[in-house]
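# Structural characterization, general
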Amino acid sequence: MSVIKLKLMSISGSMSDFDSVLYYCVTDPYLHVEDASSVIHGLKEITRSNGNNPYKDLSSGIESLAAAANIDLHEKLKTAVRSEKFDKPDMREKSDMPDFMNNFDVNIEKAQNWIKTQTEKINIQNDEISKANNLVKENQKILAQLEHIGDISANLDALFNFEFFKFRFGHMPREAYDSITMYGMADTDDVFFIPSSLERNEVWGIYFTPRTKSVKVDSMFSVLHFERVRISEKAHGTPENAKRELIKEIESIKNKINELNAGLFDIITETNELIDRNYKKIYLLFNIYELRKKTVQANSEFQMLVWLPENHVGKFSEKLSCLPTVVSSVNSPSDIPSIKPPTLLKNFILFRPFEQFVKMYGLPSHNEIDPTPFLALTYILFFGIMFGDVGQGLVISLAGFLVWRLKKINLGRIAGVLGLSSVIFGFIFGSVFGMENIIGGYNPLEHINTVLIAAVGLGIATVSCAIILNILNGIKQKNIEKIFFSQNGFAGLIFYWGVITAGLVMMKFVALNIPVSTIVSLVLICVVLIYLREPLANIIVRKPKIIPHSPVEFFVANLFEIFEIILSFLTNTVSFIRVGAFALNHVGMMSVVMLLAENASGGKNPAVLILGNIIVIALEGLIVGIQCLRLQYYEIFGRFFEGDGRSFEPSEFSK
């Protein structure tokens, strides 16, 4: 469905064209280079490009330099493949082909020295700026302290050098100051407190005490919650003189910071220009060397294997056609079963964000249906039913798309789509920010049984679709057991619907002319087929060994397994009742919010309504999202999705 068909291209040729081929591979976003050494065997003098990449340290060095200079390398690489420097050779004749390794040759030692020099310059400049900023902050902190000293005109140097007295500067709560003002300091006359700044909630001031009494007095003021603030010894003379000197010093330092920033800007501009000219080149060479490790060379020739989309084969073959020694052949995955193809997904724009959830579980293999569309549709449906509210859905949708727009976080796109589903079902349920009397609708609390039964019916339909998808996977994989005899094949589907039909007939929900005994007999036949699924499949495909293990072990193990299979159908189906339960839960939670918002006059308290909606959106929205994902992973994916594929990975340079 949305797994792109890939072809395996084998490329070989003379070493004179090797770098050109590697260049085309590394700049093509639709190529996955396979490790050829794991496939190609038997060649004499076969060699591989092993060892450390000579451009690795250079590339990481530039990345460190860019981080120090706050330069975004990712943005610089976005247009790398389209750059005139790399992507506009004339493809018509060999003589017009650039000599890539000469054109892109880099003096590694010279480049590393330049990177080291630039990094040191930036780090030194940043250190100087940081020290200057810290000095400004320190002086501003001292200024703030001196502001609280108020009109006290004592010489600070003299205060620091008292021989027989100690002073403490700080602040205490206003209540504590009022108490000592009214009642005095009990049991002592060994302290003298001078308030310097009276504020509403606290009082700043200085107290003096003899050195011999300082421990006792400090303890008393500690009880009064006096917090000492140490005056920096940088403050000299009277507080006013000290403030003037500090302000003058701050201005001088700020001027120095401006000069340092201007110097840093010049260094970063130079760095940015040189990185812009050289980083793409170095990163290209780094990636070319990395691809060399996946190729093999023998007798002055090379050979490599690449996966590419079926519709891209002609375009890439045309690129290679200008290289006279290069020969390529194309094979289907079935032609070389020893190599497992990677998986490249391509989904409709609405479904594309949900690929993230599929990849968290596992990638589909090349002969497996991509579950992304099915996951997206069911996830959107479940979320809308469980969290149906027009207002809250709009909030989730707007917030999600805003997060995607600003931060490019994929979950934002998912939330945006889910919010729209909530809006749709909000109109059906008649709920706008929990208020049920604005647009009217189908209130779930007034139809509890119907909602829960519908949820189970939705589960039956979903499980059935999952089984059908598994049958389609079996057809693609030509797996007889998966198609016919598996619990998720035709036998399982007939068993599932047979049990459901028998139950509905016995409970007189539906009327059928077929006797219940006939339906039960069909169900029992399906149970036997599922029980013997492996031997039956082996007989059909004519395997020499019908029962793979000892008969006793096989029959005993399958006996327990058949009970688990039958039980799983029941638990999987009943598990979907949570879809209806959360729809009821949402209405119930908003009813509580409305009840709390009621005031004596019969109106609604806006603050309570807003706070209640925020809590419900944050809490219930997260829980519903997790429950929807749980249904996918535990109740649906296990029936048809194996997820053992491997990712299609083009060169890092071309991403």
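## Quick notes on the overall build of the chain
Broken down by element type, the chain carries 23 helices and nine strands. A compact globule built from 655 residues would reach a C-alpha radius of gyration of about 26 Å, whereas the chain, at 38 Å, exceeds it by more than 25%. Out of the 655 residues belonging to the chain, those deemed buried represent 46%. In the chain, once contacts between residues fewer than 6 apart in sequence are set aside, the share between residues at least 24 apart is 80%. For the chain, the accessible area works out to roughly 35,000 Å², and carbon and sulfur atoms hold 59% of it. With 63 positive and 68 negative side-chain charges, the chain shows a separation of 4 Å between the mean positions of the two kinds.

## Brief notes about the confidence of the model for the chain
Per-residue confidence for the chain gives a mean pLDDT of 85; residues scoring 70 or more make up 91%. When mean pLDDT is taken per element in the chain, helix α13 (residues 372–386) scores highest with 96 and helix α4 (residues 84–87) scores lowest with 42. pLDDT under 50 marks residues 80–102. Its contacts with residues more than four places away, or in other chains, come to 38 contacts.

## Let's talk about helix α15 (residues 410–429)
Under the 1.5 Å per step criterion, the end-to-end length of α15 is 29 Å for 20 residues, consistent within 8% with the ideal 28 Å. Of the residues flanking the end of α15, it is G430, one or two places downstream, whose phi is positive at about 70°.

## Observations concerning helix α2 (residues 56–68)
With 13 residues, α2 extends 18 Å from end C-alpha to end C-alpha; this agrees with the ideal 18 Å at 1.5 Å per step. By the burial criterion, the buried members of α2 are L58, S59, G61, I62, L65 and A66. Projected down its long axis, α2 shows its buried positions confined to an angular sector of 160°, all on one face. Exposed and oriented more than 90 degrees from the buried face of α2 are K56, D57 and A67.

## Remarks on the pattern of salt bridges
Applying the stated criterion across every chain, the model contains 10 salt bridges. The partner of R533 in a salt bridge is E481, and the shortest N-O contact between them spans 3.9 Å. Residue R533 is found in helix α20 (residues 533–540), and its partner E481 is found in helix α17 (residues 480–485); the two are separated by 52 residues along the sequence. Given the relative accessible area of 10%, R533 is considered buried. The partly exposed category is assigned to E481, whose relative accessible area is 26%. The salt bridge involving E642 is made with K482; its shortest N-O contact spans 2.9 Å. Linking E642 in the segment after α23 (606–640) with K482 in helix α17, this pair joins segments that are 160 residues apart in sequence. Note on E642: relative accessible area 44%, which makes it partly exposed. The structure contains a network of salt bridges with shared partners spanning E481, R533 and E561.

## Looking at the sheet that holds strand β3 (residues 165–173)
Strand order in the open sheet formed by four strands is β4-β5-β3-β6, and the pairing between neighbours is antiparallel. Two strands lie at the open edges of the sheet, namely β4 (192–198) and β6 (227–228), each paired on one side alone. Each of β3, β4 and β5 (202–210) touches helix α9 (residues 214–223); the most contacted strand, β5, lies at about 160° to it.

## What to know about the nonpolar core
One recurring pattern in soluble globular proteins is that nonpolar side chains are buried together. Judged by nonpolar contacts, the single largest core of 62 residues is most densely connected at F354, F357, F382, V579, I636, F637 and F640. Looking at this core element by element, the count peaks at 11 residues for α23. Here F637 is in contact with V358, Y361, P371, L375 and Q632, once residues within four sequence places are set aside. The next biggest cluster of nonpolar side chains, apart from the first, holds 46 residues, and it includes Y55, I129, I282 and V306.

## Some points on the packing of helix α1 (residues 18–26) against helix α11 (residues 313–320)
Across the interface, α1 lies against α11 with an axial gap of 10 Å and an inter-helix angle of 150°. Comparing their axes, α11 and α1 come out roughly antiparallel. When the axes of α1 and α11 are compared, the crossing they make is right-handed. For the pair α1 and α11, the contacting residues are V21, Y24 and C25 in the first and F316, K319 and L320 in the second. For the contact of α1 with α11, the class distribution of residues is five nonpolar, no polar and one charged.

## Quick word on the side chain of S651
Mapped onto the secondary structure, S651 falls in the segment after α23. At 3.4 Å, the side chain of S651 and the backbone oxygen of V26 are in polar contact. At 3.3 Å, the side chain of S651 and the side chain of N287 are in polar contact. Non-local contacts of S651, meaning those with residues more than four positions away in its chain, are made with C25, V26, L31 and N287.

## Focus on the packing of aromatic side chains
Working definition: an aromatic ring pair is given by the centre-to-centre distance plus the angle between the planes. Taken as a whole and assessed by the stated rule, the structure comprises 31 aromatic pairs. Judged by centre distance (6.3 Å) and plane angle (65°), the rings of F354 and F357 are edge-to-face. Aromatic pair F425 and F429: ring centres 6.2 Å apart, planes at 40°, arrangement tilted. Taken together, the positions of F425 and F429, both in helix α15 and four residues apart, correspond to about one turn of that helix. Across this residue pair, the class does not change: F425 and F429 are buried.

## Quick notes on the packing of helix α6 (residues 108–149) against helix α10 (residues 239–292)
Packing of α6 against α10 leaves a shortest axis separation of 9 Å and a crossing angle of 160°. The pairing of α6 with α10 is recorded here as roughly antiparallel in orientation. For α6 against α10, the interelement crossing comes out left-handed. Across the contact of α6 with α10, the residue classes tally to 22 nonpolar, nine polar and eight charged.

## A few points about the environment of S329
Take S329: it is sitting in strand β9 (residues 327–331). With 24 residues separating them in the primary sequence, S329 and L305 have C-alpha atoms 9.8 Å apart. Apart from the residues within four sequence positions on either side, S329 is in contact with L8, M9 and S10.

## Here's the deal with the side chain of K7
Tracing the backbone through its elements, the reader meets K7 in strand β1 (residues 6–14). Look at K7 and you get buried, because its relative accessible area is 18%. A distance of 2.7 Å separates a polar atom in the side chain of K7 from a polar atom in the side chain of S332. Filtering out sequence-adjacent residues up to four positions away, K7 remains in contact with V306, W307, L308, E310, V313, V330, N331 and S332.

Cut-offs and rules
- Residues numbered from 1 in each chain as written.
- Predicted model: local features only at pLDDT ≥ 70, side-chain atom pairs only at ≥ 80, totals over all residues.
- Heavy atoms only, no water.
- Helix = DSSP H or I, 4+ residues; strand = E, 2+ residues; numbered from the N terminus.
- Rg over C-alpha atoms; globule rule 2.2 N^0.38 Å.
- Buried < 20%, exposed > 50% of the residue type's maximum accessible area, 1.4 Å probe, protein only.
- Contact = heavy atoms within 4.5 Å.
- Areas by Shrake-Rupley, 256 points an atom, 1.4 Å probe, with all protein chains shown as cover.
- Lys, Arg positive; Asp, Glu negative; His and termini not counted.
- Charge placed at Lys NZ, Arg CZ, Asp CG, Glu CD.
- pLDDT = per-residue confidence, 0-100.
- Expected span 1.5 Å × (residues − 1).
- Arc of directions from axis to C-beta.
- Salt bridge = Lys/Arg side-chain N within 4 Å of Asp/Glu carboxyl O.
- Pairing = 2+ DSSP bridges.
- Axes fitted to C-alpha atoms, helices over the stretch in contact; angles between N-to-C directions.
- Core = buried A, V, L, I, M, F, W, Y, C linked by side-chain atoms within 4.5 Å.
- Parallel < 35°, antiparallel > 145°, perpendicular 65-115°, else oblique.
- Left-handed = near helix turned anticlockwise from the far one by under 90°.
- Nonpolar A, V, L, I, M, F, W, Y, C, P; charged D, E, K, R; others polar.
- Polar contact = N/O pair within 3.5 Å; in protein donor to acceptor, adjacent residues only side chain to side chain.
- Phe/Tyr/Trp six-rings, centres within 6.5 Å; stacked < 30°, edge-to-face > 60°.

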